[in-house]
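# An overview of the molecular structure
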Amino acid sequence: ASGSLWIVNYHGQPSFENPPLPLWALALAFKLFGVSDYSVALPAALFGVATVLLTYRFAERLFNDRWTAFLAGAILILPGFFVDYARRGMVDVPLTFFVAAALFCFMNADKNPRWYLLFGLFTALAVLTKSALGFFPLLIGFTYSILARPSSPLADRGFYFWVGVIIAPVLGSSWYLVNIFQL
């Protein structure tokens, strides 16, 4: 309605409280399937399914055991809170996916440093989903790097790590910059 992908409007007025990524996903669902209750819940439900699958892969990689990985995914589903949030179309579910995906990429970067680029991208998407809470993967990554390698925690991470670290705030903060220049 506003003609801008970046400026979120509420009752015809700019609303700067919420980043645009969940609304982009919602608009895409409306475009593909029409305006309905199912379209409202679809993006969060898909992110919920993806989070359960990612939890499985995360646990499989950490413990090298498929049974443990299955239980990790089941633990996410069975209490019902996560499924309820995904059914309601809440933005916490996409945030959970992007944070988990960023940390999964960070973990895999030990074998292939190019995973740090995806780490930065998923962190940026988390920021575009729920603002400053999306920066948690960076905080976790820095904390892990300092605790795991106290002698030279960040210097040893290499070029791809620093590119990923730059990607996260630059792409993630793009929404803030657009809003600042629109004022």
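Just so we're clear, the structure is a prediction, and the values are computed from it rather than from any experiment.

### Considering the overall build of the chain
If you tally the helices and strands in the chain, you get nine helices and two strands. Going from N to C terminus, the chain has its helices and strands arranged as β-β-α-α-α-α-α-α-α-α-α. When its C-alpha atoms are laid out on the principal axes, the chain stretches across 55 × 40 × 25 Å. By residue count, 37% of the 183 residues in the chain fall in the buried class. For the chain, the share of sequence-separated contacts (at least 6 apart) that also reach a separation of at least 24 residues comes to 62%. Summing over all exposed atoms, the chain offers an accessible surface of approximately 11000 Å²; the carbon and sulfur share of this is 70%. The averaged location of the 8 negative side-chain charges in the chain is 7 Å from the averaged location of its 11 positive side-chain charges.

### Remarks on the environment of Pro-20
Relative to the assigned elements, Pro-20 resides in the loop between strand E2 (13-14) and helix H1 (21-33). On the basis of relative accessibility, which here comes to 0%, the residue Pro-20 falls in the buried class. Spatially, the C-alpha atom of Pro-20 lies 7.7 Å from that of Trp-175, the residues being 155 residues apart in sequence. Beyond its immediate chain neighbours, meaning those up to four positions away, Pro-20 contacts Leu-5, Trp-6, Val-8, Leu-128 and Trp-175.

Calculation notes
- Residues numbered from 1 in each chain as written.
- Predicted model: local features only at pLDDT ≥ 70, side-chain atom pairs only at ≥ 80, totals over all residues.
- Heavy atoms only, no water.
- Helix = DSSP H or I, 4+ residues; strand = E, 2+ residues; numbered from the N terminus.
- Buried < 20%, exposed > 50% of the residue type's maximum accessible area, 1.4 Å probe, protein only.
- Contact = heavy atoms within 4.5 Å.
- Areas by Shrake-Rupley, 256 points an atom, 1.4 Å probe, with all protein chains shown as cover.
- Lys, Arg positive; Asp, Glu negative; His and termini not counted.
- Charge placed at Lys NZ, Arg CZ, Asp CG, Glu CD.

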